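Topology and contacts: notes
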Amino acid sequence: AYAGPVAVVSYEENQIELECYPNPTSDFVVVSCDQIENLTDCRACVYDMNGKLIRQFPLTNNQSSIYIADLNSGVYLLDIMNAQQKMKSVKIIKK
């Protein structure tokens with residue numbers, strides 16, 4: 001059961017809050033940001049623990065689901081990025 005945000009960050013320049021949940025997960029992660037439409041080229045990147053890019057997803061809505069059901073069980077890094085910089089990096093545990 002979802003008990004609250006797993007990761008929240010304020011992006012100082014624009015005061016943006018991001019949430020990523022559930023974690024751990026078996027099929028998807030939701031990335032939620034109230035002001036995502038105001039960001040340029042916002043995307044989520046999934047990396048394995050060796051730093052290899054597994055996949056990328058554009059983030060165009062306030063809430064986006066990132067499908068990871070087909071990945072092997074383990075720990076992955078989910079980087080939330082815009083055109084200028086990485087805004088947040090979250091460890092995601094795939095059951």
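Residues numbered from 1 in each chain as written. Predicted model: local features only at pLDDT ≥ 70, side-chain atom pairs only at ≥ 80, totals over all residues. Heavy atoms only, no water.

**Here's the deal with the overall build of the chain**
Heads up, the rule is: A run of DSSP states H or I qualifies as a helix once it reaches four residues; a run of E qualifies as a strand once it reaches two. Both are numbered from the N-terminal end. Relative accessible area decides the class of each residue, using a 1.4 Å probe on protein chains only: under 20% of the type maximum gives buried, over 50% gives exposed, and in between gives partly exposed.
Tallying secondary structure elements over the chain gives zero helices and eight strands in all. Residues counted as buried form 40% of the 95 residues belonging to the chain.

**Description of the pattern of salt bridges**
Cut-off, in case you're wondering: In the sections that follow, a salt bridge refers to a side-chain nitrogen of Lys or Arg positioned within 4 Å of a carboxyl oxygen of Asp or Glu.
Tallying each qualifying case throughout the model produces two salt bridges. Between Arg55 and Asp70 there is a salt bridge, with the nearest N and O atoms lying 2.9 Å from each other. Remark: Asp70 occurs in the loop between strand E6 (63–67) and strand E7 (74–81) and Arg55 occurs in strand E5 (residues 53–58); sequence separation between them is 15 residues. A salt bridge links Asp79 to Lys86; the nearest nitrogen and oxygen atoms lie 3.9 Å apart. By relative accessible area, Asp79 is classed as buried at 7%.

**Quick notes on the confidence of the model for the chain**
Inclusion rule: Across the chain, each position has a pLDDT score giving the predictor's confidence in that residue, from 0 to 100. In what follows, residue pairs with any heavy atoms lying within 4.5 Å of each other are defined as contacts.
Looking at the chain as a whole, the pLDDT averages 82, with 77% of positions reaching at least 70. For residues 9–14, every residue scores under 50 in pLDDT, and the model assigns this stretch 12 contacts once sequence neighbours within four places are set aside.

**A closer look at the side chain of Asn82**
The line we're drawing: Pairs of N or O atoms are called polar contacts if they sit within 3.5 Å, as long as, within protein, a hydrogen donor faces a hydrogen acceptor (for residues adjacent in sequence, only side-chain-to-side-chain pairs).
Counting through the fold element by element, Asn82 comes out in the loop between E7 and strand E8 (86–94). The class of Asn82 is buried, set by a relative accessible area of 3%. One polar contact links the side chain of Asn82 to the main-chain amide nitrogen of Gln85, over a distance of 2.9 Å.

**Side note on the state of the cysteines**
Here is the rule: Note on terminology: disulfide denotes any pair of cysteine sulfur atoms within 2.5 Å.
Scanning the entire structure with this criterion turns up zero disulfides. Free cysteine: Cys42, not disulfide-bonded; nearest cysteine sulfur from Cys33 at 6.6 Å. Between Cys45, a free cysteine, and Cys42, which holds the nearest cysteine sulfur, the sulfur-to-sulfur gap is 9.7 Å.

**Comments concerning the side chain of Ser32**
Along the chain, Ser32 falls in strand E3 (residues 28–33). Residue contacts for Ser32: discarding those within four places in its chain leaves Glu17, Leu18, Glu19, Tyr21, Asn62 and Gln63.

**Side note on the nonpolar core**
Spelled out, the test is: Grouping buried Ala, Val, Leu, Ile, Met, Phe, Trp, Tyr and Cys residues that are joined through side-chain atoms within 4.5 Å yields what is termed a nonpolar core.
One finds Val31, Ile66, Leu78 and Ile80 to be the most contacted residues of the largest nonpolar core, which totals 18 residues. At the level of elements, strand E2 (16–21), E3, strand E4 (43–47), E7 and E8 are the ones that each hand at least two residues to this core.

**Quick notes on the pairing of E4**
It is a general feature of regular strands that their side chains alternate between the two faces of the sheet. Short version of the rule: Pairing between two strands is assigned when DSSP locates at least 2 bridges connecting them.
Of all five residues in E4, five are buried; the element is thus mostly enclosed. With burial as the criterion, each face of E4 is covered, one bearing Arg43, Cys45 and Tyr47 and the other bearing Ala44 and Val46. The sheet contact formed by E4 and E5 spans five bridges and is antiparallel. For Val46, the partnering residue across the bridge sits in E5 and is Arg55. The turn joining E4 and E5, which pair antiparallel and follow one another in sequence, is formed by five residues; a positive phi near 90° is taken by Gly51. Two elements, E4 and E7, share five bridges in a ladder whose sense is antiparallel. Following the sheet pairing, Val46 is matched in E7 by Leu78.

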